[in-house]
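What the coordinates show
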Amino acid sequence: MDRMQRGFFRLAAENQFLRLKRHDFQNWVGRILVSSYPGDYENIRLTQGDGGLDGIILSRLAVVAVYAPRESSADRLARKINGDFNSAQVTLQKRGVQLKAFIFVHNDEGLTRD
C-alpha cells in the first residue's frame, strides 16, 4: 500500500469515527476489533442490558465497552465508564471469570479535554 492509499484509508476511518453514533459506532469498532484480533475477539449482543460487555478479547480477558452518544457531557461519560466497569465486573464474576482489563472506547474527543 502506498502513501496515498494509506492517507485515503486514514481519512475514511477518521470520517467514520467522527460521523458514526450509537449502535453504528459500536458495530464499526467491533468490526475493527474482529479484524485486529482474529478468532480472539467476540462482539456481545447489541442491546441495553448487555452487562457492561460490548465485546471481549478472550485471551486477555479484556472487556470492551463502547460509547457513542448523540450528545454527552463529561459527567455523563464518567457515569457511563463507572457503570459499565461495575456491570462488567458483576457479569463476569457471576460466570466465575476475573476481569483482567477494561477498555472503554468513545468517539467524542471533546469530552477528554478540560
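Everything discussed here concerns the structure shown above.
The model shown is predicted, which means the values in this text are computed figures rather than measured ones. (Residues numbered from 1 in each chain as written. Predicted model: local features only at pLDDT ≥ 70, side-chain atom pairs only at ≥ 80, totals over all residues. Heavy atoms only, no water.)

1. Some details on the overall build of the chain
Within the chain, the regular secondary structure consists of three helices and four strands. Each helix and strand of the chain, placed in order from N terminus to C terminus, yields the pattern α-α-β-β-β-α-β. A total of 114 residues make up the chain; the buried ones form 31% of that total. Sequence separation of at least 24 residues holds for 50% of the intrachain contacts in the chain that already meet a minimum separation of 6. If you sum the accessible surface of the chain, you get close to 7800 Å²; carbon and sulfur atoms cover 51% of it. (Helix = DSSP H or I, 4+ residues; strand = E, 2+ residues; numbered from the N terminus. Buried < 20%, exposed > 50% of the residue type's maximum accessible area, 1.4 Å probe, protein only. Contact = heavy atoms within 4.5 Å. Areas by Shrake-Rupley, 256 points an atom, 1.4 Å probe, with all protein chains shown as cover.)

2. Thoughts on the pairing of strand E3 (residues 62–67)
Among the six residues that make up E3, six are buried, leaving the element largely enclosed by the rest of the structure. For strand E2 (residues 55–57) and E3, the ladder comprises three bridges, and the chain directions are antiparallel. Across the sheet, Ile 56 pairs through a bridge with Val 63, a residue of E3. Between E2 and E3, which pair antiparallel in sequence order, lie four residues; one of them, Leu 61, sits at a positive phi of approximately 50°. Examined bridge by bridge, E3 and strand E4 (residues 101–106) share six bridges and lie parallel to one another. Residue pairing for E4: Ala 65 is matched across the bridge by Phe 104. Following the chain from E3 across helix H3 (residues 74–94) to the adjacent parallel E4, one finds a crossover that is right-handed. (Pairing = 2+ DSSP bridges. Right-handed = clockwise from strand over helix to strand, strands pointing away.)

3. Concerning a nonpolar patch on the surface
A cluster of nonpolar side chains, Met 1, Phe 8 and Phe 9, forms an exposed patch at the surface whose accessible area comes to about 390 Å². Counting through the fold element by element, Met 1 comes out in the segment before helix H1 (3–19). (Patch = residues over 30% accessible without salt bridge, like charges linked within 9 Å, V, L, I, M, F, W, Y side chains within 5 Å. Salt bridge = Lys/Arg side-chain N within 4 Å of Asp/Glu carboxyl O.)

4. Concerning H3
Given a rise of 1.5 Å per residue, 21 residues ought to cover 30 Å, and the 30 Å separating the end C-alpha atoms of H3 matches this to within 8%. Within H3, burial applies to Leu 77, Asp 84, Ala 88, Thr 91 and Leu 92. Around the axis of H3, the buried residues are gathered within 85° of arc, so they sit on the same side. Turned more than 90 degrees away from the buried face of H3 sit Asp 75, Arg 79, Gln 93 and Lys 94, all of them exposed. Buried residues along H3 sit against E3 and E4. Gly 96 sits one or two residues past H3 and shows a positive phi near 75°. (Expected span 1.5 Å × (residues − 1). Arc of directions from axis to C-beta.)

5. A few points about the pattern of salt bridges
One pass over the structure, following the stated rule, counts two salt bridges. Of the charged contacts, one joins Asp 84 and Lys 80 as a salt bridge, the two residues approaching to 3.2 Å between their closest N and O atoms. Placement of the pair is Asp 84 and Lys 80 together in helix H3, with a separation of four residues, close to one helical turn. For Asp 84, a relative accessible area of 8% puts it in the buried group.

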